[in-house]
Amino acid sequence: MKSLIIYYSYTGNTGKVAEILKGILSQKGQAEIHRLKPTDESNNFFVQAAGAFTGKRAKLPEEWLDLSGYDLVCLGTPVWAFAPTPAINTYLDKCRNLDGKDAICFVTYASGAGVKRCVNTMIEKLKQKGAFKISSFNIQQGKVGDAEFVEQGIKEALEMFSV
Ligand SMILES: Cc1cc2nc3c(=O)[nH]c(=O)nc-3n(C[C@H](O)[C@H](O)[C@H](O)COP(=O)(O)O)c2cc1C
């Protein structure tokens with residue numbers, strides 16, 4: 001099985017989860033991981049929150065958009081203002097050849113407000129892009145350093161697939 005993990009992380013929490021996911025998927029085949037780095041990233045909380053809330057798209061290098069070589073595509077983001085980050089929005093707009101692929105979306109969050117809305121927004125977009133089976137998991141920011149806890153969440157999300 002060949003997997004791709006694409007994630008955005010501003011302060012590193014989602015990155016930690018993505019690395020643990022990579023560890024698990026590497027045991028099941030090949031796993032590639034890439035961090036999205038927008039060229040127009042703001043460091044201002046209010047600009048970040050307003051952008052996410054209004055569905056802003058970030059400027060991203062045109063990289064890792066062709067998904068044709070993968071069996072499983074995993075997309076990770078922090079929840080920002082009940083929504084995915086602008087970087088993930090852009091990636092979801094631009095990625096190609098997702099038809100018939102399995103997909104996982106994963107998020108990290110603080111209070112938990114908007115987790116469901118954020119994940120549903122991503123799932124909706126993945127469906128529009130033709131993804132076949134879609135699973136998800138979420139990890140509270142205080143738990144991202146607890147590898148066992150994160151692994152459990154990942155294993156539950158993977159149960160839907162025959163991997
Ligand atoms: C601009 C902004 C908006 C946020 N909005 C939410 C939110 O709506 N709900 C929530 O539970 N956490 C929210 N958070 C907290 C982040 O989702 C959480 O800290 C996450 O783990 C950060 O991931 P990262 O370290 O990968 O960037 C927000 C954080 C930022 C910076």
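The structure this text deals with has already been given above.
Scope of this entry: the structure provided in the associated data block. Computed from a predicted model, the values in this text were never measured in an experiment.

### So, the packing of helix H1 (residues 13-26) against helix H5 (residues 147-158)
Remark: H1 packs on H5, axes separated minimally by 10 Å, with the N-to-C direction vectors making an angle of 60°. The orientation of H1 with respect to H5, classified from their angle, is oblique. Helix-helix and strand crossings are classified by hand; for H1 and H5 the assignment is right-handed. Along the contact surface, H1 presents Val17, Ile20, Leu21, Ile24 and Leu25, while H5 presents Ala147, Val150, Glu151, Ile154, Lys155 and Leu158.

### Focus: the side chain of Thr77
Mapped onto the elements, Thr77 comes out in strand S3 (residues 72-78). A polar side-chain atom of Thr77 sits 2.7 Å from a polar atom in the side chain of Thr85. With sequence-adjacent residues up to four places away left out, Thr77 is seen in contact with Tyr8, Thr14, Pro84, Thr85, Ile88, Phe106, Val107, Thr108, Cys118 and Met122.

### Describing the sheet that holds strand S5 (residues 134-140)
The sheet built from 5 strands is open, its strands ordered S2-S1-S3-S4-S5 with parallel pairing. Strands at the two margins of the open sheet, each flanked by one partner only, are strand S2 (30-35) and S5. Adjacent strand axes in the sheet meet at a mean angle of 15°, parallel and antiparallel pairs treated alike.

### Some words on the packing of helix H3 (residues 86-94) against helix H4 (residues 115-128)
The interhelical angle for the contact between H3 and H4, taken along N-to-C directions, is 15°, at an axis separation of 10 Å. The angle between H3 and H4 falls in the class roughly parallel. Between H3 and H4 lies a crossing of left-handed hand. Counted together, Ile88, Leu92 and Asp93 of H3 and Met122, Lys125 and Leu126 of H4 form the full contact between these two elements. The class makeup of the residues in the contact of H3 with H4 is 4 nonpolar, no polar and 2 charged.

### Looking at the site of the ligand
The local shell around the ligand holds 21 residues, among which Ser9, Thr11, Thr14, Val79 and Gln141 are the closest. The backbone of Gly12 places a nitrogen or oxygen atom 3.0 Å from an oxygen atom of the ligand. Separating an oxygen atom of the ligand from a backbone N or O atom of Ser111 is a distance of 3.1 Å. Isolated, the ligand exposes 640 Å² of accessible area, and the fraction of that covered by the protein chains is 89%.

### Side note on H3
Within H3, 7 of the 9 residues are buried, which leaves it mostly tucked inside the rest of the structure. On the buried face of H3, the contacting elements are strand S1 (2-7), helix H2 (45-53), S3 and H4.

### Describing the packing of aromatic side chains
Following the criterion strictly, the structure yields 5 aromatic pairs and no others. Note on Tyr8 and Trp80: the rings are 5.6 Å apart at their centroids and 85° apart in plane angle, and the pair reads as edge-to-face. Separated by 72 residues along the polypeptide, Tyr8 in the loop between S1 and H1 and Trp80 in the loop between S3 and H3 bring together distant segments of the chain. Assigned by exposure class, Tyr8 and Trp80 land together as buried. With 6.2 Å between their ring centres and 75° between their planes, Tyr10 and Trp80 make a pair best called edge-to-face. Residue Tyr10 is located in the loop between S1 and H1, and its partner Trp80 is located in the loop between S3 and H3; the two are separated by 70 residues in the primary sequence. Each residue in the set Tyr8, Tyr10 and Trp80 is aromatic and connected to the rest through ring pairs, giving one cluster. The ring centre of Tyr70 lies 5.0 Å from the NZ or CZ of Lys2, which sits over that ring. Cation over ring: Lys143 sits above Phe149, and NZ or CZ is 4.7 Å from the ring centre.

What counts, and at which threshold
Residues numbered from 1 in each chain as written. Predicted model: local features only at pLDDT ≥ 70, side-chain atom pairs only at ≥ 80, totals over all residues. Heavy atoms only, no water. Axes fitted to C-alpha atoms, helices over the stretch in contact; angles between N-to-C directions. Helix = DSSP H or I, 4+ residues; strand = E, 2+ residues; numbered from the N terminus. Parallel < 35°, antiparallel > 145°, perpendicular 65-115°, else oblique. Left-handed = near helix turned anticlockwise from the far one by under 90°. Contact = heavy atoms within 4.5 Å. Polar contact = N/O pair within 3.5 Å; in protein donor to acceptor, adjacent residues only side chain to side chain. Pairing = 2+ DSSP bridges. Nonpolar A, V, L, I, M, F, W, Y, C, P; charged D, E, K, R; others polar. Near = heavy atom within 4 Å. Areas by Shrake-Rupley, 256 points an atom, 1.4 Å probe, with all protein chains shown as cover. Buried < 20%, exposed > 50% of the residue type's maximum accessible area, 1.4 Å probe, protein only. Phe/Tyr/Trp six-rings, centres within 6.5 Å; stacked < 30°, edge-to-face > 60°. Lys NZ or Arg CZ within 6 Å of the ring centre and 35° of its normal.

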